[in-house]
Each structure stands twice: as C-alpha cells, then as structure tokens.
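Residues per chain are reported as follows:
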Amino acid sequence: RWLRQHEYVEKLNMHGILSASAGQEQLLTELLVTHAKIPVLIGELISVEIWKHKVFPVLCRLEDFKPRSTFPIYVVLHHEASIINLLETVFFHKEICESAEDSILDLIDYCHRKLTLLAARSTHRTAADPVPPQELQKQAETMEFEISLKALSVLRFITDQVESLPLSALARMLNTHNLPCLLVELVEHCPWSCWEAGKLKKFENGTWHVVPPEDQVKMTKLDGQVWLALLNLLLSPECQCKYRFDGFNKSQLLKLRAFLTDILIDQLPNLVEMQRFLSYLAVTEPAPPKKDLILEQVPIIRDHILKKNSGKWEAIAKHQVKHAFSPTEEELKFQARRWAQTYSLDMMEALAPDKPRCRVCGVEAAKRCSRCRNEWYCTRACQVQHWQKHKPACNLMA
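Residues numbered from 1 in each chain as written. Predicted model: local features only at pLDDT ≥ 70, side-chain atom pairs only at ≥ 80, totals over all residues. Heavy atoms only, no water.

Q: Please explain the overall build of the chain as it appears in this structure.
A: From N to C terminus, the chain includes 19 helices and 5 strands. Taken over the C-alpha trace, the chain has a radius of gyration of 24 Å; the compact-globule value for 398 residues is 21 Å, and the two agree within 12%. Each principal axis of the C-alpha distribution contributes one length, and for the chain these read about 75 × 55 × 45 Å. Split into buried and exposed, the 398 residues of the chain put 44% on the buried side. At a minimum sequence separation of 6, the contacts of the chain that also span at least 24 residues come to 74%. Surface accessibility of the chain: about 21900 Å² in total, with carbon and sulfur atoms responsible for 54%. Distance between charge centroids for the chain: 6 Å, based on 50 positive and 48 negative side chains. (Helix = DSSP H or I, 4+ residues; strand = E, 2+ residues; numbered from the N terminus. Rg over C-alpha atoms; globule rule 2.2 N^0.38 Å. Buried < 20%, exposed > 50% of the residue type's maximum accessible area, 1.4 Å probe, protein only. Contact = heavy atoms within 4.5 Å. Areas by Shrake-Rupley, 256 points an atom, 1.4 Å probe, with all protein chains shown as cover. Lys, Arg positive; Asp, Glu negative; His and termini not counted. Charge placed at Lys NZ, Arg CZ, Asp CG, Glu CD.)

Next up, the structure:
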C-alpha cells in the first residue's frame, strides 16, 4: 500500500515539474486543492522526516540488518525529497497555500527545522569510503541538504502570502522561530557555496560546480530566495507590527547592510527598499508589538506521531526489517518492475536537460537496451562490450 502511495506521489511530482516547465500547472493545482491533498502531503512529509530521524538510525544499528538490496530503503528516504519537491512546484500559487489550512503551521515548523540544519551545516567532509549501511547514511545526509534547499523555497512562497496567512502562522514565523534572524544567518554563511583549493564552488541545479571569477558576485536562485523571504517578512505592514525589534534582533538585522552592495541591488532592485528600512532601523527604536490576547493555534501532526510511537522506535525498526526491507528475490523483481513503470523512462528523458550518453564511451547515444530500456549505447559494439556488467541489473529490471 505504501509503495502505491509513493508511486502516486512520484508521478505527481514528475507531472508537476513538466507542467511547470510548460506553464500549465493549473490543472495539477486545481486537483490538489479540490481533493484537499495538501494537508495529506504535509502529513506524509512529516511522517517520513520522523522515520528518518527515529527509525532509520536504529535500523542501521541492528545486527540482523543485512538487506539483499538497499534500494527499498532508499525509496523511503527519497519519498521526503519527492514530496518537498512537489510542494515547491505548487506552493507558488496562493490557493495552494490557503488550502493547507491548519497544517501550514506544521509546514512552517518543518521548514524551520530544515533551515536550522542549513545554518549549522559543516563544510567538512569525511574522506572514508562508505560501506552499507554507512553508504545509506551518507546518501541520506546528501539528500537532507537538497531537501533543506527545497524547504527554503517553500518557506519563501509561504512568506509571499503573509496577508492571507492565519495570525498563528505569522506569529510562529516571526516570534516563535524568529525566521528573520535565521535568514540573516543564511545570508552570512551561505551554505550553498564554499571554497575548495582556492576556487569558489556553488550548489545549483542539484550539483556543485566551480564558479568562474567573473560570475562570483552573481546572485544565485538560492540567494534570491533568502532575500525575497526577508523582504516579505520585514517590509510588509502585517509583519512590522508583530515583530519584536529588540536589541538582539535589531543588531542581527543590521548585519545585512554589509551585504547590500550596489552590485547586489542591481540584480534585485527591490532591495533598495530593504536598504532604506535598515537605515531607518539603525537610527530609531521601533515600538514594541501590542500584546493582544489571542488564542494561538499550534501544530499537531508531528507531536501526535511522536507521542503515539514514543518508546516504540526499536520495535518498529525490527518489524520493518522483517516485513518490509527483507524482500525475497521474487518480491524484489516485482518491486523493480513497479519502480521501472513509476520512473517512466520517457518522462525522465523529458526532465533530463542533456541528451543520453553511451554507457561505455560517453558519446551521444541513440540506442538503448531493448529488454530493460535503461542503458544507452551509441553502437551495438558498445552494448555487447558492456553486456556482462549490465546483465544482472537487466535481468532484475526486465
């Protein structure tokens, strides 16, 4: 049942990416709003996050955890990435944000957790060669970084709708989590860029790449998301009358002035308003927010799951090792066929920015294996040369 649900999410995700690239995502948006699926997706997102932090580490420590294949576990880890990617695609639309209803509080908390991980992310990387289950843990860490970047985009889209957000959501972003100061941390430390061997590298479109000297001052999409979120949270009247501009918050926000260069403002002219606001903030003492007595909603999805399963994580891990992650060879083949249908190769090719390359020599390829349709080759000679290596995977997928 869960695998079917993952297939549906994955197909929605791929459909959403293709629709957004063609500017035709309105149908998907209406579908999710009409059937009230945004709260369901947020609940599923948080469930997988909890599994990853509570069950997965226990599962990797179990002595009898010796899976025939780690791909079923990777699918669970990937499930979180698929959901947050789908939410990133659709949360651009106001009606999606509104349809989240009370679960928007849980999503805000989720994004805050991910941004906190980003701000605290270490730039050091271990050089040891990973082996299962360490390999799985390494993949999970890599995926966690990419998920956190997606959460940054989702949060920025939420801040676009501050006028229509419930009061509890606004109070949670500004006062409970103090997101403006957290975003300042991201501007300061910029976890999606680093220096290696004297060269600046930035993370864009799913990979790290070296930035040429002439492009080092160019704003990336991720930089833009942080600045736009700050603009939404600091300059809107709704936020200004609710945020506490005390001594600490004020000193943190004024750090932004050092980054507001003419080059940056040329790339995002709206930052002129931010510059003016910070100049005004530096010489004034804004009035404290009014202490209105209100009934504040609180997020319930994560707390409910944690309380329901408290003390049961090891038992859950042992049950899943026995019943979910130790499939027989026949079950593995069946699952492989289902996954092959889910990850439609024609759709994956439409998503891929580059044309397929030969598995052997790397040149542009026009032929692929007729059995599994997974590997590409430029000539039959390359296919024959690669057959012995490809045969086990081909037999599993075909």
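Further notes follow.
Q: Please clarify how the UniProt feature "domain: MYND-type" (unreviewed entry) in the chain should be interpreted in this entry.
A: Residues annotated in UniProt with the feature "domain: MYND-type" (unreviewed entry) correspond here to residues 358-394. In residues 358-394, the share of helix is 41% and the share of strand is 11%. The end C-alpha atoms are 16 Å apart. (UniProt positions renumbered as here; feature names shortened; annotations may be inferred.)

Q: Please explain helix H10 (residues 221-235) as it appears in this structure.
A: Because the α-helix completes a turn every 3.6 residues, residues three or four places apart line up on one side. End to end, H10 covers 21 Å across 15 residues, agreeing with the expected 21 Å (1.5 Å per residue, within 8%). For H10, the tally of buried residues reaches 12 of 15 residues, placing the bulk of the element in the interior. Turning to H10, its buried residues number three or more, namely Leu222, Asp223, Gly224, Gln225, Val226, Trp227, Ala229, Leu230, Leu231, Asn232, Leu233 and Leu234. (Expected span 1.5 Å × (residues − 1).)

Q: Help me understand the side chain of Ser103, please; the structure alone is not making it clear to me.
A: You can see Ser103 is positioned in the loop between helix H5 (94-99) and helix H6 (104-119). If sequence neighbours within four positions are ignored, Ser103 has contacts with Pro39, Ile42 and Ile301.

Q: Before we go on, may I ask you to explain the sheet that holds strand E2 (residues 199-204) in this structure?
A: Note: strands within a sheet are paired through backbone hydrogen bonds, in either parallel or antiparallel orientation. The 3 strands are arranged E1-E2-E3 in an open sheet whose pairing can be described as antiparallel. Each having just a single partner strand, strand E1 (193-196) and strand E3 (207-210) make up the two edges of the open sheet. Taken over all neighbouring pairs, the strand axes of this sheet differ in orientation by 30° on average, direction set aside. Direction of pairing for E2 relative to E3: antiparallel, over a ladder of 4 bridges. Residue pairing across strands places Glu204 opposite Thr207, the latter belonging to E3. (Pairing = 2+ DSSP bridges. Axes fitted to C-alpha atoms, helices over the stretch in contact; angles between N-to-C directions.)

Q: It is not clear to me how the packing of aromatic side chains should be interpreted in this structure. Could you clarify?
A: Aromatic rings considered in pairs are described by the distance between their centres and by the relative angle of their planes. For the structure on display, the rule yields 8 aromatic pairs. Each ring, one from Phe203 and one from Trp208, has its centre 5.4 Å from the other, and the planes form 70°; the classification is edge-to-face. For Phe203, a relative accessible area of 8% puts it in the buried group. Residue class for Trp208 comes out partly exposed when judged on its relative accessible area of 25%. Grouped by ring-pair contacts, the aromatic residues Trp51, Phe56 and Phe325 constitute a single cluster. (Phe/Tyr/Trp six-rings, centres within 6.5 Å; stacked < 30°, edge-to-face > 60°.)

Q: Is there a simple way to explain the environment of Trp195 in this structure?
A: With respect to the helices and strands, Trp195 occurs in strand E1. It is 9.2 Å that separates the C-alpha atoms of Trp195 and Val210, two residues lying 15 residues apart in sequence. If sequence neighbours within four positions are ignored, Trp195 has contacts with Leu200 and Gln216.

Q: Explain unusual backbone geometry here, please?
A: Glycine aside, a negative phi is what most residues show, and trans is what most peptide bonds show. Within the chain, Asn178 stands out as a residue other than glycine whose phi angle is a positive 45°. With respect to the helices and strands, Asn178 occurs in the loop between helix H8 (167-176) and helix H9 (179-189). Taking relative accessible area as the criterion, Asn178 reaches 17% and is therefore assigned buried. The residue Cys190 is not glycine, and still its phi comes out positive at about 40°. Secondary-structure assignment places Cys190 in the loop between H9 and E1.

Q: Explain the nonpolar core here, please?
A: Soluble globular proteins tend to bury their nonpolar side chains together. By size, the foremost hydrophobic cluster in this structure holds 95 residues, and its most contacted members are Phe91, Ile104, Leu107 and Trp192. Ranked by residue count, the leading element in this core is helix H3 (residues 38-61), at 12 residues. Phe91 has contacts with Ile38, Ile96, Cys97, Ala100, Ile104, Leu107, Val154, Phe157 and Ile158, leaving out every residue within four places of it along the chain. (Core = buried A, V, L, I, M, F, W, Y, C linked by side-chain atoms within 4.5 Å.)

Q: Looking at this model, I keep getting lost on the domain arrangement of the chain. Mind explaining?
A: Many structure descriptions define interface size as the accessible area lost when the parts assemble. Under the domain assignment, the chain is made up of domain 1 (1-163 + 299-309) and domain 2 (355-397). A C-alpha centroid distance of 32 Å is found between domain 1 and domain 2. (Domains from an automatic or database assignment.)

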